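Coordinate inspection notes
Below are the chains, spelled out letter by letter.
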Amino acid sequence: MADTSRSVAAFRPEAVERFRFTDLRVDAESGVVELCYALDDTVSFCERVELGSRLVDDDRLDAGFIRVARLLHLAAGTSYYKAAMCPRLVVETGSLSAIEREFCLDLYDKGLRELAWHNGLPLERRITIDAPELLQGSTEATARSSMAFPPARLGVPIGGGKDSAVVVEALRSQDPVLVSVNGHPAARRVAEAAGLALTVVRRRIDPVLFELNAAGARNGHVPITAIVSLISVAAGFRVGYDTTVMALEGSADEPTRTVAGDDPGEPAVTVNHQWSKSSEFEASLARVLAASVGTGVHYRSALRGVGELAIARCFAALPQYHRAFLSCNRAFTRCGSDRWCGQCPKCRFVFLALATAMDPDQLVPIFGRDLLGDPEQVDGFRDLLEEDRKPFECVGTRAESLVAFDRLAHRGPWRHAAVVQALAPVVTRLRSRADPGAPGGAAPGSTSGGAGASRRALAGAADEPDEPDEPDDPASRLLDEVDAPEAAGDEDDPASRLLDEVRATVGCDLPTEGSRREKIGPVAGAGR
C-alpha cells in the first residue's frame, strides 16, 4: 500500500488522473462489507459497512446480498472520488453491464454537479469508465436469473424527518422493518413513537478522507440518498424484506439551478441538490436493481405524487411524532447536534410548511424559537422563493414556498409575523408573474383568483385565466389539498386521506406472491 500519510500531506487534486475501485470484500456470514478505492497509486481508502448477521435462516440469500454490495461499491465511491474529481474511473473488481455503466456515469455526473458548481469545475464533465463489459448471456448474467430473494415484507429507511414519519405511520399496521444508517437519535425516537423496532446498520467512512479534506481536497455534496438506498436494499437480504420504501417527494425533481450552455445553441445544464431523491434516480436505481440483482427486489418512494404542503398538513395531525422528528440537516453532519439549528434553509422550509397547518403555540415549542417572527430571517426565507437564490438544500419547490406564504398572509395566527409581512410584496410580485390573469395576486379561494390562480402559481405556468386546470396535474391536486376547507369527520380528514394514498402507492404494481421468483423465509428475528 502507498504511504498514505505522506501522500495526503502533498495532495493536489488536479494532479490525480484515475479513481480506482480496487477491492470489494463481502463477509456474507457477518454482513460486513468493505469498499476499497484509490486515487492513482498514492492515496487508498477502505470504507466499512456493517449490516449484521442474517435474520433470515437461509444462506441462499447471500448471492443477492453480494450483488447489491457491488452496486453499493459504485455509489459509495462518490464520497472519495470527490476529493479529486478526475476524469477517469477504473473498475478493477469485475465487469459492468451496460445498465450498470450508465448508472455509474449518472452518479458521477448528475450526482456531483453541485460539487462541481461550488468548486468551479465544468458542470458536464467528460467521464470515462474503464471496466470489462458484462455481456448478455455470460455465466455471471445467467446466474442472476436464478436468484433467491427475501420474504415479501416492507423495509422503510428513516432518518428521523417528518416525511419518513408520515410513511412509517401509513405503513405501521403492516409491521414494516425500520432501518437507519448509523442510528441518529431522531430516527430512534420516530421508531419509538411508532412502536416499531429499529434495525441500525453502520457506515464508517475511512478517516483518511477527513485528513485529505484538511489538506486541500475538493469537498462538497455527494448523492447520499443513493448510498443510503443501496445500504437499505442490502439490509433487506439480512433482515428479511424484499421492498425498500423511501419517503421521497415530487419536489426533489425541481433543479436547484439551471445554467445556460457556454455557447449559443447548447442546451442548459441542470444542477439539482436533490438529484438522488429525484424520480429520475428512483427509476434508474429500480432499473439497475432489476437487471443486476433480479426482479424479486423492489425499490420505490411512497410520497412521489404528494406535495410538501400536503405532507406537512398530514404530519401536523400526527402529534405523537412532533417531539420525535428532526429535519435539520446540520444535525446529521459529522459534528452535528440533536436539535434544530434554526438558521439553515431546511429549518426554514420545514417551519414554513408546517406553519400552514399549525398555530404558533404548537409549532414554536418544537423548534425552540419562532423563525417567522424573527426579522433577521427575512433574507433566508426569501431564498426559498427566488429562482436564482434557491438554497442547495433539501427544500420544497419555489412555488410551494410561494403558496405557503400566500396562505399564511391570509391565516390569522401568522399574518402579522415579521417575515410574512416583510415578504408580502415579493409574494405579490411572484404571484403576478406566475398568473398574469390575476394582477396583484388573489388569495387562494377568493373570487378574483381562487384555487385555479394558486394552481397556476404552483405549477409556474402563465396560463390564460380562463384555461381549465388539468385534472391529473400534481400541482392542481396539491392546491386542492391546500385550498380545501378543513374537512369534518375523522373519516375524511386530510391526514387519513394521505395515509391511505401512501398505502395504496406502496401496494400498487408489486407482483403477486405467486409470480415472484423464489422467496426465502421465515425471518429468524426482529430488528436490532
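Heads up: the structure comes first, above all this text.
Note that the coordinates shown come from a computational prediction; the quantities given were computed from them, not determined experimentally.

Once that is clear, we can look at the packing of aromatic side chains. Across all of its chains, the model carries 18 aromatic pairs by this definition. Their ring planes at 40° and their centres at 4.8 Å tell us that Phe45 and Tyr80 sit as a pair that is tilted. Note that Phe45 is positioned in strand 3 (residues 43-50) and Tyr80 in helix 3 (residues 78-81), a separation of 35 residues in sequence. Side by side, Phe45 and Tyr80 carry an identical accessibility label, which is buried. Here the aromatic cluster, defined as three or more aromatic residues joined through ring pairs, consists of Phe19, Phe21, Tyr37, Phe45, Tyr80, Tyr81 and Tyr108.

Before going further, it helps to examine helix 8 (residues 185-194). Along helix 8, the residues classified as buried are Ala186, Ala187, Val190, Ala191 and Ala194. What you see down the axis of helix 8 is that its buried residues fit within an arc of 140°, all on one side.

Let us look at the side chain of Arg218. Looking at where Arg218 falls in the secondary structure, it is placed in the loop between helix 9 (208-214) and helix 10 (224-239). Reaching out from Arg218, the side chain makes a polar contact with the backbone oxygen of Ala84 at a distance of 2.7 Å. If we ignore the near neighbours within four places in the chain, the residues touching Arg218 are Pro13, Glu14, Lys82, Ala83, Ala84, Met85, Asn119, Leu121 and Asn213.

It is worth spelling out the pairing of strand 4 (residues 88-91) at this point. Pairing of strand 1 (residues 18-27) with strand 4, which is carried by four bridges, proceeds in the parallel orientation. Pairing of Phe21 across the sheet is with Val91, part of strand 4. Pairing analysis gives three bridges linking strand 4 to strand 5 (residues 128-130), with the strands arranged parallel. The residue of strand 5 that forms the bridge with Arg88 is Thr128.

Packed helix pairs are characterised by how far apart their axes lie and by the angle those axes make with each other. Interhelical geometry of helix 13 (residues 345-355) versus helix 16 (residues 398-409) gives an angle of 50° and a closest axis separation of 9 Å. Compared by their axis directions, helix 13 and helix 16 come out oblique. Every pair of crossing elements has a handedness; the one defined by helix 13 and helix 16 is left-handed. Residues Phe349, Leu352 and Ala355 of helix 13 lie in contact with helix 16, whose contacting residues are Ser401, Ala404, Phe405 and Leu408. Here the residues of the contact of helix 13 with helix 16 are counted per class, giving six nonpolar, one polar and no charged.

What follows deals with the pattern of salt bridges. Inspection of every chain in the model, using the stated rule, returns 34 salt bridges. Measuring nitrogen to oxygen at the nearest pair gives 3.2 Å for the salt bridge that ties Arg204 to Glu50. Within this pair, whereas Arg204 is found in strand 8 (residues 198-204), its partner Glu50 is found in strand 3, the two being separated by 154 residues in sequence. With relative accessibility at 43%, the residue Arg204 sits in the partly exposed group. Overall, the relative accessible area of 22% leaves Glu50 in the partly exposed class. Between Glu308 and Lys162 there is a salt bridge, with its nearest N and O atoms 3.2 Å apart. Highlighted residues: Glu308 in helix 12 (residues 308-316) and Lys162 in helix 7 (residues 162-171), separated in sequence by 146 residues.

Reading guide: rules and limits
Residues numbered from 1 in each chain as written. Predicted model: local features only at pLDDT ≥ 70, side-chain atom pairs only at ≥ 80, totals over all residues. Heavy atoms only, no water. Phe/Tyr/Trp six-rings, centres within 6.5 Å; stacked < 30°, edge-to-face > 60°. Helix = DSSP H or I, 4+ residues; strand = E, 2+ residues; numbered from the N terminus. Buried < 20%, exposed > 50% of the residue type's maximum accessible area, 1.4 Å probe, protein only. Arc of directions from axis to C-beta. Polar contact = N/O pair within 3.5 Å; in protein donor to acceptor, adjacent residues only side chain to side chain. Contact = heavy atoms within 4.5 Å. Pairing = 2+ DSSP bridges. Axes fitted to C-alpha atoms, helices over the stretch in contact; angles between N-to-C directions. Parallel < 35°, antiparallel > 145°, perpendicular 65-115°, else oblique. Left-handed = near helix turned anticlockwise from the far one by under 90°. Nonpolar A, V, L, I, M, F, W, Y, C, P; charged D, E, K, R; others polar. Salt bridge = Lys/Arg side-chain N within 4 Å of Asp/Glu carboxyl O.

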